[in-house]
Amino acid sequence: MPEKFISLESAIVPLPVENVDTDQIIPARFLKATTRDGFGENLFRDWRYDANNQPIASFVLNNPNYSGKILVGGKNFGSGSSREHAAWAIVDYGFRAVVSSFFADIFKNNALNNGLLPVQVSPDFLSKIFAEVDKDPNTKIRIDLEKQEIILLSTGEKESFDINPYKKECLLNGYDDIDYLLSIKDEIEAYERAG
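Reference entry: report on the structure contained in this document. (Residues numbered from 1 in each chain as written. Predicted model: local features only at pLDDT ≥ 70, side-chain atom pairs only at ≥ 80, totals over all residues. Heavy atoms only, no water.)

## Focus: the overall build of the protein chain
Line of reasoning, step 1. Each helix and strand in the protein chain was counted, giving eight helices and seven strands.
Line of reasoning, step 2. Computed over the C-alpha atoms, the radius of gyration of the protein chain is 18 Å, within 12% of the 16 Å expected from 2.2 N^0.38 for a compact globule of 195 residues.
Line of reasoning, step 3. The dimensions of the protein chain, computed from C-alpha atoms along their principal axes, are 65 × 45 × 25 Å.
Line of reasoning, step 4. Within the protein chain, the proportion of its 195 residues that are buried is 46%.
Line of reasoning, step 5. For the protein chain, the computed accessible surface area is about 10,200 Å², with 47% contributed by carbon and sulfur atoms.
Line of reasoning, step 6. If you average the places of the 21 positive and of the 30 negative side-chain charges in the protein chain, the two averages end up 2 Å apart. (Helix = DSSP H or I, 4+ residues; strand = E, 2+ residues; numbered from the N terminus. Rg over C-alpha atoms; globule rule 2.2 N^0.38 Å. Buried < 20%, exposed > 50% of the residue type's maximum accessible area, 1.4 Å probe, protein only. Areas by Shrake-Rupley, 256 points an atom, 1.4 Å probe, with all protein chains shown as cover. Lys, Arg positive; Asp, Glu negative; His and termini not counted. Charge placed at Lys NZ, Arg CZ, Asp CG, Glu CD.)

Next up, the structure:
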């Protein structure tokens, strides 16, 4: 059962790269596992480690100045193949939300199905986030799922975001699709009896 997501206040990890595809998020050679565990250690593997398996200091996940549960990516995050493992890797690493000015549809759905909230903001708001974190690596964001609002705490600026109402309910309650059906079991049974 996924963890409930009501609101989240966290420092952010900035990845100002456009067109991040699912093969960059989790390279194909790591897709052999059949459970969701352990994918986080290979998140952005080819960007995090060199050919000798040594951390690349310039990559943001290897930079001790940045931490948090919110990954902020450039435009067109999650493009490429439809692998659900990309969402698994991001969640397994410890992120609860990804912010971008545009998400690939399949990635967005895979994220929502795995308890990861994709928050789509305007290009202008995304630029403001990157500018603030450039000034201060400890910049924080608050994401309020109930109000569907993202707030840049250093400036107080905020923006609304869209989410499918069904997926919102699932995230707020920590439901996957089966949990949701079980939560309305009495209504389903009453409908069956009435039919």
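## Points about the sheet that holds strand S3 (residues 97-100)
Strand-to-strand pairing in sheets goes through backbone hydrogen bonds, with the strands running parallel or antiparallel.
Line of reasoning, step 1. Taken in spatial order, the seven strands of this open sheet run S4-S3-S2-S1-S5-S6-S7, and their pairing is mixed. Lying at the two open borders of the sheet, with one neighbouring strand each, are strand S4 (117-120) and strand S7 (157-160). Sheet twist, expressed as the mean angle between neighbouring strand axes with direction ignored, is 30°. (Pairing = 2+ DSSP bridges. Axes fitted to C-alpha atoms, helices over the stretch in contact; angles between N-to-C directions.)

## A word on the packing of aromatic side chains
Line of reasoning, step 1. Enumeration over the complete set of coordinates arrives at eight aromatic pairs.
Line of reasoning, step 2. Where Phe103 meets Phe107, the ring centres are 6.1 Å apart and the plane angle is 15°; that geometry is what we call stacked. The same class applies to Phe103 and to Phe107, which are both buried.
Line of reasoning, step 3. Chaining the aromatic ring pairs together yields one cluster made of Phe44, Trp47 and Phe59.
Line of reasoning, step 4. Here the basic side chain of Arg45 rests over the ring of Tyr49, its NZ or CZ set 4.2 Å away from the ring centre. (Phe/Tyr/Trp six-rings, centres within 6.5 Å; stacked < 30°, edge-to-face > 60°. Lys NZ or Arg CZ within 6 Å of the ring centre and 35° of its normal.)

## Examining the environment of Arg96
Line of reasoning, step 1. Following the sequence through the fold, Arg96 ends up in the loop between helix H3 (85-93) and S3.
Line of reasoning, step 2. The sequence separation of Arg96 and Gly68 amounts to 28 residues, and the corresponding C-alpha distance is 9.2 Å.
Line of reasoning, step 3. Sequence-distant contacts of Arg96, that is, excluding residues within four places in its chain, are made with Glu3, Lys4, Phe5, Leu8, Lys69, Gly115, Leu116 and Leu117.
Line of reasoning, step 4. A distance of 3.3 Å separates a polar side-chain atom of Arg96 from the backbone oxygen of Glu3. (Contact = heavy atoms within 4.5 Å. Polar contact = N/O pair within 3.5 Å; in protein donor to acceptor, adjacent residues only side chain to side chain.)

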